[in-house]
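Report on the structure
As a plain string of letters, each chain reads:
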Amino acid sequence: QVHLVEFGGGLVQPGGSRRLSCAASGFIFSDYAMSWYRQAPGKERELVAAITSTSSSTNYADSVKGRFTISRDNVKNMVYLQMNSLKPEDTAVYFCNTRIPNRLGVPYDYWGQGTQVTVSS
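A brief structural summary. (Residues numbered from 1 in each chain as written. Predicted model: local features only at pLDDT ≥ 70, side-chain atom pairs only at ≥ 80, totals over all residues. Heavy atoms only, no water.)

Looking at where Ser 21 falls in the secondary structure, it is placed in strand β3 (residues 18-25). Residue classification places Ser 21 among the buried positions, given a relative accessible area of 6%. In contact with Ser 21, other than residues within four places in its own chain, are Val 5, Glu 6, Phe 7, Trp 36, Met 78, Val 79 and Tyr 80. (Helix = DSSP H or I, 4+ residues; strand = E, 2+ residues; numbered from the N terminus. Buried < 20%, exposed > 50% of the residue type's maximum accessible area, 1.4 Å probe, protein only. Contact = heavy atoms within 4.5 Å.)

As structure tokens, then:
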């Protein structure tokens, strides 16, 4: 079964950096795109960054462009989110995500448990 585990969150000062990691198992990792989402208190979950299966393409939310970088290692089955120049508004629970079709071809979203990132002095 698909299993996603995020780690690397914590308390960071404004302007600081943090790298989040997500360990994936239970599926052919190199076949699927991966994404990072985040959810701040009282807000909807939003897409932060996504990367294709071969790392040929990435895309980012406007709010993080130029500050965050998504990457993956298809040997280690890991996806990363390097976050630089962090701002208080980046405070949220960050989730790893992949979307895999079921046997009927309907895409299904899989999520990790999330890791809290708090940006505060």
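Applying the stated criterion across every chain yields a total of one disulfide. The side chain of Cys 22 participates in a disulfide bridge whose partner is Cys 96; the two sulfur atoms lie 2.1 Å from each other. Between Cys 22 and Cys 96, the S-S dihedral sits near -85 degrees, and the bridge is therefore left-handed. Placement of Cys 22 in strand β3 and of Cys 96 in strand β9 (residues 92-101) is noted, with a sequence separation of 74 residues between them. Take Cys 22: its relative accessible area is 0%, and that puts it in the buried class. Note on Cys 96: relative accessible area 0%, which makes it buried. (Disulfide = S-S within 2.5 Å.)

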